[in-house]
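Observations on the three-dimensional arrangement
These are the residues of each chain, in order.
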Amino acid sequence: MRHFDFRNGEMYAEDVPLSQIAREVGTPVYVYSSATFERHYKVFSDVFSDVDALVAYSVKANSNIAVLATLAKLGCGADVVSGGELVRALTAGVPASKIVFSGVGKTAEEMRMALKAGIRIFNVESLPELHALNAVAGEMGKSAPIAFRVNPDVSAGGHEKISTGKAENKFGIAWHKAEEAYALAASLPHISVEGVDVHIGSQIDSLDPFARTIDKIGELIGRLRQAGHTIKSFDIGGGLGIPYGDNQKIPPHPSEYGAMVKDATRGLDVELIFEPGRMVSGNSGVLLSKVIYAKETGTRNFLIIDAAMNDLIRPALYDAYHDIEAVTAPGSNFEETEYDVVGPVCETGDTFARGRALPRMQADDLLVFHTAGAYGAAQASQYNTRPLVPEVLVNGERYEVIRERPSIEDILKTEKIPDWLS
Ligand code: LLP
């Protein structure tokens, strides 16, 4: 069941018409469906309900605290990559014991915050980071639970900018250095070795790279145990792809992914940790926007809309495809036009789609970008001094603005003209 669907010719988010949100909150705006977050989290977590597993939602995909609170209520944990994300997760009610801390560049301050909170585990990505963590934990009289993020040298991921598991990527401990790293960690007084971690990429559309990774890590876990290390957890990361549209490749369903993972890890005797981001939030949100002008140049038909690359950067950054749909159903004998859908930002890259077939549209018509709940609002900026795009969470017939649109004054408040210029 889709929670963004037409009723009497109008698109709704659950039981709220999108036109109502556009009227009351303005556009552009991200609109999320609580029921979809819940369903996607459950589809994923239910697959692992019969094994020892922690689902730690990857906060970077959509980090609004209302979204995190929705997931925390269902028992979801969090994968964070900064002190900011850690505070978000804790504020939203995710227990520290369900928080894992990933990222290649954790600072001493961030380590302190996480140790103070008592998080589950640090996914350590380098030896300098290991030494820094040992030092910080020592100062605090604590022991830091760690897994090494190991780079399995497996290629995966839809786009080179989001592929992370190859030897040439900046992530993790090199495959052939892993055992040395564990030996060093075991010798440090304020480090407690607990597990192994990987994350090989994002929007992965086949099971094969996951299967190869699990095989390799399974063998590594065996060797580490033989060397005397206690390995209690295996964090498989995130990365499972989602459908972006009928003309896009359909990635494996979470149930197929789950069956493969359970099969491949059977007998390993570890707690499994997962860090899904896109899978949970991607299809839970749309970006709602309004046509400013329909401009026909003789060569192209442009729809100039009030959302831009600063609000949804995925098409500009990764050539990503998002389904675009008019909020008013076009009726049966509508006239279809091929549009270049563009934003008002002064760059040619501010193009969401070229030659996209849509019903004929005009100024003030509303449209949505589907599958915008992951890496949409979270990657938005204020480029061109366009106020940060707001977010709305729908729950049945209710909705709430969960991130406000700042005013121009709000934006300028954070800036200053130095005394010497006044
Ligand atoms: N764990 C780690 C350590 C990660 O770096 C990521 C994503 C995830 C989990 C979650 O991956 P997911 O399940 O969402 O694929 N901005 C890009 C995606 C960047 C992914 C970065 N890391 C996009 O819009 O496609």
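All values derive from a computational prediction rather than experimental measurement.

1. Quick notes on the overall build of the protein chain
Within the protein chain, the secondary structure is distributed over 12 helices and 21 strands. Relative to the compact-globule value of 22 Å for 422 residues, the protein chain shows a C-alpha radius of gyration of 23 Å, a close match. Each principal axis of the C-alpha atoms in the protein chain carries an extent, and together these give about 70 × 60 × 40 Å. Burial statistics for the protein chain: of 422 residues in total, 53% are counted as buried. Long-range pairs, those at least 24 residues apart, make up 70% of the contacts in the protein chain between residues at least 6 apart in sequence. Of the roughly 18,500 Å² of accessible surface on the protein chain, a fraction of 49% belongs to carbon and sulfur atoms. In the protein chain, 41 positive and 56 negative side-chain charges are present, and the distance between their average locations comes to 3 Å.

2. Notes on the pairing of strand S21 (residues 398-403)
In this structure, strand S20 (residues 391-395) lies alongside S21, joined through 5 bridges in antiparallel fashion. Paired with Glu 391 across the two strands is Arg 403, which belongs to S21. In this antiparallel pair of consecutive strands, S20 and S21, the connection spans 2 residues, and Gly 396 shows a positive phi of 65 degrees.

3. A short note on the packing of aromatic side chains
The full count for this structure, using the stated rule, is 12 aromatic pairs. Measuring from centroid to centroid gives 5.0 Å for Phe 210 and Tyr 257, while their planes differ by 80 degrees, and the two rings are edge-to-face. Placement of Phe 210 in helix H8 (residues 208-226) and of Tyr 257 in helix H9 (residues 254-265) is noted, with a sequence separation of 47 residues between them. Of the residues examined, Tyr 257 reaches a relative accessible area of 1% and is grouped as buried. Ring geometry for Phe 352 and Phe 369: centres 4.6 Å apart, planes at 55 degrees, overall tilted. Of the two residues, Phe 352 sits in strand S18 (residues 351-359) while Phe 369 sits in strand S19 (residues 366-369), which places them 17 residues apart along the sequence. Note on Phe 352: relative accessible area 7%, which makes it buried. Put simply, the rings of Phe 44, Phe 48, Phe 210, Tyr 257 and Phe 274 touch in pairs and so form one group of aromatic residues. The ring of Tyr 12 has Arg 7 sitting right over it, with the charged end atom 4.6 Å from the ring centre. Its end group placed over the ring of Trp 175, Lys 216 keeps NZ or CZ at 4.9 Å from the ring centre.

4. Topic: the site of the ligand
Of all residues adjacent to the ligand, which total 18 residues, the nearest are Ser 202, Glu 275, Arg 314, Tyr 318 and Tyr 375. Between the ligand and Gly 239, the relevant distance is 2.8 Å, taken from an oxygen atom to a main-chain nitrogen or oxygen of the residue. A distance of 2.9 Å separates an oxygen atom of the ligand from a polar atom in the backbone of Gly 277. Its free accessible area being 580 Å², the ligand has 92% of it covered by the protein chains. Split by domain, the shell around the ligand shows at least three residues from each of two domains, domain 1 (4-31 + 283-412) and domain 2 (103-274).

5. Description of the domain arrangement of the protein chain
Here the protein chain is described as being made up of domain 1 (4-31 + 283-412) and domain 2 (103-274). Just the C-alpha atoms count here: the centres of domain 1 and domain 2 sit 36 Å apart. Contacts between the two partners involve 10 residues from domain 1, matched on the other side by 11 residues from domain 2. Contact with domain 2 buries area across many residues of domain 1, yet Tyr 318, Tyr 321 and Thr 371 alone supply 55% of it, more than any other trio. Where domain 1 meets domain 2, there are 1 residue pair in polar contact (both at pLDDT 80 or more). Considered class by class, the residues forming the side of domain 1 that touches domain 2 number 4 nonpolar, 3 polar and 3 charged.

Parameters and conventions
Residues numbered from 1 in each chain as written. Predicted model: local features only at pLDDT ≥ 70, side-chain atom pairs only at ≥ 80, totals over all residues. Heavy atoms only, no water. Helix = DSSP H or I, 4+ residues; strand = E, 2+ residues; numbered from the N terminus. Rg over C-alpha atoms; globule rule 2.2 N^0.38 Å. Buried < 20%, exposed > 50% of the residue type's maximum accessible area, 1.4 Å probe, protein only. Contact = heavy atoms within 4.5 Å. Areas by Shrake-Rupley, 256 points an atom, 1.4 Å probe, with all protein chains shown as cover. Lys, Arg positive; Asp, Glu negative; His and termini not counted. Charge placed at Lys NZ, Arg CZ, Asp CG, Glu CD. Pairing = 2+ DSSP bridges. Phe/Tyr/Trp six-rings, centres within 6.5 Å; stacked < 30°, edge-to-face > 60°. Lys NZ or Arg CZ within 6 Å of the ring centre and 35° of its normal. Near = heavy atom within 4 Å. Polar contact = N/O pair within 3.5 Å; in protein donor to acceptor, adjacent residues only side chain to side chain. Domains from an automatic or database assignment. Buried area = accessible area lost by both parts, 1.4 Å probe. Nonpolar A, V, L, I, M, F, W, Y, C, P; charged D, E, K, R; others polar.

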